[in-house]
Amino acid sequence: MRRILPVAIAAAIAAFALPSAAFALDAPTAAAGTADAALPTTQLPRGVRPTHYDIAIVPDTQHMRFKGQVTIDIEVLQATPKITLNAVDMTFSTVGLSNDKIEFAAPHVVMDADAQTVTFVFDRPIAPGFYHLRMHYEGKIGTQANGLFALDYDTKDGKRRALYTQFENSDARRFIPCWDEPSYKATFFLMAIVPSAQMAVSNMPIRDSKDFGDGRKGVAFATSPKMSSYLLFFGLGDFERATTHLGDTQIGVVTQKGMGSQASFALDSAKEILAEYNDYFGTPYPLPKLDNIAAPGSSQFFSAMENWGAIFTFERAMLLDPAISTQADRERVFLVEAHEMAHQWFGDLVTMAWWDDLWLNEGFASWMEGRTTAKLHPEWRADLDAVDVREAAMSRDAVATTHPVIQHVDTVEQASQAFDTITYSKGESVIRMLEAWVGPDQWRQGVRMYIKQHAYGNTTSDDLWRAMEQATGKPVAAIAHDFTLQPGVPLIGVEDAGCSNGATAVTLTQSEFTKDRPDKRPLAWQVPVVAQTLGGVPVRTLVNGGSAHMSLPGCGPVIVNAGQTGYYRTLYAPSEVAALRGTFAQVPTVDQLGILDDVWALGMAGRMPVSDYLDLAQTVPTDADAHVWGDIADKFDALDGYYGTDSPQRTAFRAFAIARLQPVMEQIGWEARTGESDPVVNLRTQLIGTLGGLGDAKTVAEARRRYGARDTDPAAMPVALRKTILGIVAAHADAATWDALHAQALTEKTPLIKAQFYSLLASAKDPTLAQRALELALTAEPGATNAAGMIAAVGWRHPELAFDFAVAHRAQVDALVDSTSRAQYYPRLASGSLEAATIAKVEAFAQAHIAPTSRRAADTTVANIHYRIGVRQQRLPAVDAWLVKHAGA
């Protein structure tokens, strides 16, 4: 059905008492569709579906409410006396249903808060056909990033308030009554009546704007392509916008006034990334514009959102403030942008049918961000960072509370919990493995085919695998199913290798790696394996049926998972570990990282001596790659955390770790050097932070000296080290220093810097100061979206204190946390605990306040505490014995 009259605009003029000629617009059009052959999961009755929305809203920021009206073009597929759709926190004044032939009487309105639905019950059945469903309603403007929300922030000219929307996964229903599920795609036409001096932003360009002469204006946006409701966006505030072009696409960045220059890197990067994606996907970006909108504040749930044509990003992930931003910040801005722009194809143009396949969005966007960063900024070595991504995934995937990449989702809360390390990082790592197995060119051909076949539609994972098999001629689905339909991490065992006639024979066995279930019956996978002798030619095989035999050219130490694209752990025989240790400096950097990570994880799990990691770390030369030393610093920091409290054993470990890291720090130095690589720049800040965390007196004293000299010596706190120095000072703060940092927070007017100071206040090691930070978080001072982050930051050092405080003040803390995050937020505060008593507290909280179907975060926290206690009791004694044996070495 095509429509001529723009109903939402006409109705808005009447409903909001606007001049009759306020808006003279051409009518938006919406195309009717045909019934989908597949039947994706839905929580709504299947008999009605939307094809187009005409939306008009009038925000009232003073009273934190908004008026809205929407006309939805619907298709009734089977006769029904009622229509059910999603709605939350809304009141309805009028509801009507009609088409060209019939006008129904006003229905009975039934709200179901638990189901997040509204049902309109009519006095007679609605026959199959096309109709217009009209609603006038009111909704709430929130203070957290759910639905339409307000962010208050400081400027040099006083307080300001801006409005934004965040709908993923299921919060469009707070903005418009709608079929708020990904498979109910439709087109959207949005208009708003807003203050004349403010800028309104949405997915599409403004098609018309009319000033009413009374301090208000009407803004209408062009009709969107067919898309899911969670991708709709609206923003309003004192903004500025800078633009560039790539072909016919206008690329923009939208910031609060005065901050546009800080988004210049994001703007330049967006143009570069868009050109790369247009080429890679083979389908040009289809919208006329692509904005990235920066907002002050933060969320416990996300940092950026891929709304089609209107990416939303918190300032900390988009702006580069010349006063505080580092090389790591610069890289993060690019990564976040590459991720969200990848979603414009994977997620927006082609959308998963239901949240079971969320990884199709997030795993692919994560993989594309890494792939694109490696191509466009090879100097950052994103290929090495990919090993860290895989490590995070395998660590999470090796505990009993893991889940398959493709997981069944029943509820909104479960959908929110699906945004986790398995979905993102395991999804990304499995894609990287499959791409390496079939070849990059063939993989890209499959991606292009998938995009073309399903543009503007919805898919499941098997749609992707079919496209891949069609493009590559390889049995991708069988391997992919093993890694996405079952949880866990394969373990490839490497038996003693023997060399004869210039070739090394090696036997591989497949079992399963777990951190907490040593007696678990292993699952089976078909595992693509790449192996080589050191300096030799890589050989590929598929380990199937539990074992495989390989013949590798050359003689020498064997490297399994060469290139580190495989998603599995490698357990080497002791003789092979010794051989690798003796030649470790000659091993390629990417494989050094993989070997270190495997030896660490297997040692912590009791599958090999934990001392093997310390022996290996001892062999790494001072001039090894920055990523390798960064990895070692991370592991030393983790080991230190397992000790928990000060003891002679912890003192001995710290002395060893400091002695191992200090020569690297001395080689790099506190001062930047001309021509040094970006990874070295990042390593400098990491080593300073790690040494400070280990209590190195020399590092702490130097940080304090530089902080004390900041007002008299401009070079004392260079921008690249500012965050790191402040972090050490705050961690080791006494009451006077804490008060000084607090005073800086109170006077700071830049939201990005102000938020940093409040985070610093929450990082003190002194429990008395940590308690002060918790109490401060419950005041209005830090800002509504920063307070929850302060409580979480206290939890990093004082998990029991933070958890107990949050639970005791749950009503207040609930107001500070996105509703999508609460089931995860509270348990995670305690995840760093080493106290057995905390387990019972977390379980009791979950029992009382979290639905039984949504307790994965609580269960994972409990599993993590058990694991940490186990490491302290079972692994640290071996570390202590190694330290005694090597004292003075």
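No experiment lies behind these values; they were computed from the predicted model shown.

*Asks:* Please give an account of the overall build of the protein chain that cites residues and values.
*Replies:* Helix and strand content of the protein chain: 27 helices and 29 strands. By the compact-globule yardstick of 29 Å for 889 residues, the protein chain fits well, its C-alpha radius of gyration being 28 Å. Reported as C-alpha extents along the three principal axes, the dimensions of the protein chain are approximately 90 × 65 × 55 Å. Within the protein chain, the proportion of its 889 residues that are buried is 60%. The long-range share in the protein chain, meaning contacts at least 24 apart out of those at least 6 apart in sequence, stands at 70%.

*Asks:* Provide a residue-level description of the state of the cysteines, including the pertinent values.
*Replies:* Note on terminology: a disulfide is the covalent bond linking the sulfur atoms of two cysteines. What the rule picks out here adds up to one disulfide. In this model Cys499 forms its disulfide with Cys555; the gap between the sulfur atoms is 1.5 Å. Note that Cys499 is positioned in strand 23 (residues 498-500) and Cys555 in the loop between strand 27 (547-553) and strand 28 (558-560), a separation of 56 residues in sequence.

*Asks:* How would you sum up the sheet that holds strand 10 (residues 187-195)? Please name residues and give values.
*Replies:* Overall, mixed pairing links the seven strands, which are arranged 4-7-2-1-10-13-12 in an open sheet. Since the sheet does not close on itself, it has two edges, and those belong to strand 4 (91-98) and strand 12 (206-211), each with one partner. Shown here is a sheet whose adjacent strand axes are inclined to one another by a mean of 10 degrees, direction ignored. Two elements, strand 2 (residues 65-76) and strand 7 (residues 129-140), share 12 bridges in a ladder whose sense is antiparallel. The partner of Lys67 across the bridge, within strand 7, is Glu138.

*Asks:* Go over the packing of helix 15 (residues 648-668) against helix 27 (residues 856-885) with me, naming the residues and quoting the values.
*Replies:* For the pair helix 15 and helix 27, the least separation of the axes is 10 Å and the interaxial angle reads 60 degrees. By the angle class used here, helix 15 and helix 27 are oblique. Along this stretch, helix 15 crosses helix 27, giving a crossing that reads as left-handed. Residues Gln649, Ala652, Phe653 and Phe656 of helix 15 pack against Val879, Asp880, Trp882 and Leu883 of helix 27. Of the residues contributing to the contact of helix 15 with helix 27, the split by class is six nonpolar, one polar and one charged.

Conventions used here
- Residues numbered from 1 in each chain as written.
- Predicted model: local features only at pLDDT ≥ 70, side-chain atom pairs only at ≥ 80, totals over all residues.
- Heavy atoms only, no water.
- Helix = DSSP H or I, 4+ residues; strand = E, 2+ residues; numbered from the N terminus.
- Rg over C-alpha atoms; globule rule 2.2 N^0.38 Å.
- Buried < 20%, exposed > 50% of the residue type's maximum accessible area, 1.4 Å probe, protein only.
- Contact = heavy atoms within 4.5 Å.
- Disulfide = S-S within 2.5 Å.
- Pairing = 2+ DSSP bridges.
- Axes fitted to C-alpha atoms, helices over the stretch in contact; angles between N-to-C directions.
- Parallel < 35°, antiparallel > 145°, perpendicular 65-115°, else oblique.
- Left-handed = near helix turned anticlockwise from the far one by under 90°.
- Nonpolar A, V, L, I, M, F, W, Y, C, P; charged D, E, K, R; others polar.

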